[in-house]
Amino acid sequence: MADGNANFKRSARDSVLIVRGDLDAAARAGFRRELRALINEGHVPALVDLRLVTLLSSACVAELIAARRLAPLRGAELVIVSPSESCCRTLELLGIVHRFAIRARATPPQ
């Protein structure tokens, strides 16, 4: 599914949300919807692959923070996978990179 310049899809087993493009204000609602669906479906961990993200706006950072807070309430953990350089830079500049579990690559459960 596409929202603005961002595209969202699930891995073959639906346990990884793969995001591509700009996570800007236009993508916020779609990103929120996809993050919540991933968490609410009970995937443990809830993996969000950001390797193909070219822009991470503050609006979408807010959605990541909200999803990180929601996950434990649903018995899950939000894990960011392979964040792009742009994502890392944004999270570091905001001083919140340490608040997220980050993995170098996705290894969905078998």
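About the cut-offs
Residues numbered from 1 in each chain as written. Predicted model: local features only at pLDDT ≥ 70, side-chain atom pairs only at ≥ 80, totals over all residues. Heavy atoms only, no water. Helix = DSSP H or I, 4+ residues; strand = E, 2+ residues; numbered from the N terminus. Expected span 1.5 Å × (residues − 1). Buried < 20%, exposed > 50% of the residue type's maximum accessible area, 1.4 Å probe, protein only. Arc of directions from axis to C-beta. Polar contact = N/O pair within 3.5 Å; in protein donor to acceptor, adjacent residues only side chain to side chain. Contact = heavy atoms within 4.5 Å.

Chemist: How should I be thinking about helix α1 (residues 28-40) in this particular structure?
Modeler: Residue pairs three or four apart in sequence face the same way in an α-helix, which turns once every 3.6 residues. The terminal C-alpha atoms of α1 lie 18 Å apart, and with 13 residues this matches the ideal 18 Å at 1.5 Å per residue to within 8%. Buried residues of α1: Gly30, Phe31, Glu34, Leu35, Leu38 and Ile39, and no others. Mapping the buried residues of α1 onto a view down its axis gives an arc of 160°, with all of them on the same face. A positive backbone phi angle near 85° is found at Gly42, which sits one or two residues after α1.

Chemist: In this structure, what is going on with the side chain of Asp49? I would like to understand it.
Modeler: Inspection of the secondary structure puts Asp49 in strand β4 (residues 46-56). Looking at Asp49, the relative accessible area reads 6%, which means it is buried. Reaching out from Asp49, the side chain makes a polar contact with the side chain of Arg51 at a distance of 2.9 Å. In this view, Asp49 contacts Val16, Leu17, Ile18, Val19, Val81 and Ser82; residues no more than four positions away in its chain are not counted.

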